[in-house]
Amino acid sequence: MTESPETRHSLIVRLKDHDDREAWGEFLEIYRPLVYRLAVAKGLQHADAEDVAQQVFGSVVQSVDRWRPDGRARFRSWLTTIARNAILNALTRRIADRASGDTAEREWIAGCAADDESSQTLTLESRREIFQWAARRVREEFEPRTWDAFWLTAVEGRDVAEVAELIDKKPGAIYAARSRVMRRLKEMVAQWEERS
């Protein structure tokens, strides 16, 4: 998996066709959960985070046809800006509800707009969503014990010897199973990135 996965240019082009349900479904499957988590991480409650996600993707629908890569601006950065602005708007709307004119409150809201932190969070969440997307598809290809060998050691970080005993396999079989699943996950992620 690349260090900073980008939305495929071909997917962005397909998003310009508002009737391309497959493209929008794939896009929302990856990015809606991470925009939601970014909103929650900035302090929004569930309903407010859902509203922000809806606003963000409404903005994307309305303006994706005008987005043009200029060599500097990547789609993820553009999406981060839209999300950050929607979150900041939601947070500032809540200020009146807080009966506080405290300077600390204003500083906290200003901190929510930090470009680098939001971008890093969005990048991390993007990578996490792509992994989860690939894992959902790849899991069906493997026997449950093979998948468990991978998941318990690679994702949960449990000791190979412990997992070998738990699922009644030899440590070498655990390493082999983990390797096969990881290779397939990398292939799935590469296919997602290459569909351009």
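Residues numbered from 1 in each chain as written. Predicted model: local features only at pLDDT ≥ 70, side-chain atom pairs only at ≥ 80, totals over all residues. Heavy atoms only, no water.

Asks: Tell me about the overall build of the protein, and please be specific about residues and values.
Replies: Each helix and strand in the protein was counted, giving nine helices and zero strands. Along its sequence from the N terminus, the protein presents helices and strands in the succession α-α-α-α-α-α-α-α-α. By residue count, 39% of the 196 residues in the protein fall in the buried class. Considering only residue pairs separated by 6 or more positions, the protein has 65% of its internal contacts joining residues 24 or more positions apart. Carbon and sulfur atoms form 49% of the exposed surface of the protein, whose accessible area is close to 11000 Å². (Helix = DSSP H or I, 4+ residues; strand = E, 2+ residues; numbered from the N terminus. Buried < 20%, exposed > 50% of the residue type's maximum accessible area, 1.4 Å probe, protein only. Contact = heavy atoms within 4.5 Å. Areas by Shrake-Rupley, 256 points an atom, 1.4 Å probe, with all protein chains shown as cover.)

Asks: Can you explain the nonpolar core? Please cite residues and give values.
Replies: Ranked by size, the top nonpolar core spans 43 residues in total, and within it Phe 27, Leu 44, Val 52, Val 56, Val 60, Val 64 and Phe 75 carry the most contacts. For this core, the elements supplying multiple residues, two or more each, are α1 (9-15), α2 (21-41), α3 (46-63), α4 (75-94), α6 (115-139), α7 (144-155) and α9 (171-194). Sequence-distant contacts of Val 52, defined by excluding residues within four places in its chain, comprise Ala 39, Leu 44, Ala 86, Ile 87 and Ala 90. Among the nonpolar cores identified, the runner-up in size contains eight residues, and Leu 152, Val 160, Val 163 and Ala 164 belong to it. (Core = buried A, V, L, I, M, F, W, Y, C linked by side-chain atoms within 4.5 Å.)

Asks: Account for the packing of aromatic side chains, with residues named and values stated.
Replies: Across all of its chains, the model carries seven aromatic pairs by this definition. Pairing Phe 131 with Trp 151 gives two aromatic rings, centres 6.2 Å apart and planes at 25°, and the pair type is stacked. Residue Phe 131 is located in helix α6, and its partner Trp 151 is located in helix α7; the two are separated by 20 residues in the primary sequence. Among the residues examined, Trp 151 registers a relative accessible area of 29% and is labelled partly exposed. Where Phe 150 meets Trp 151, the ring centres are 6.3 Å apart and the plane angle is 70°; that geometry is what we call edge-to-face. Taken together through their ring pairs, the aromatic side chains of Trp 24, Phe 27, Tyr 31 and Phe 57 make up a single cluster. (Phe/Tyr/Trp six-rings, centres within 6.5 Å; stacked < 30°, edge-to-face > 60°.)

Asks: Go over the confidence of the model for the protein with me, naming the residues and quoting the values.
Replies: Predicted confidence across the protein gives a mean pLDDT of 77, with 74% of residues reaching 70 or more. The secondary structure element of the protein with the lowest average pLDDT is helix α5 (residues 103-112), at 49, and the one with the highest is helix α8 (residues 160-166), at 92. Every residue in residues 95-101 scores below 50 in pLDDT, and together they form seven contacts with partners more than four places removed in sequence or on other chains. (pLDDT = per-residue confidence, 0-100.)

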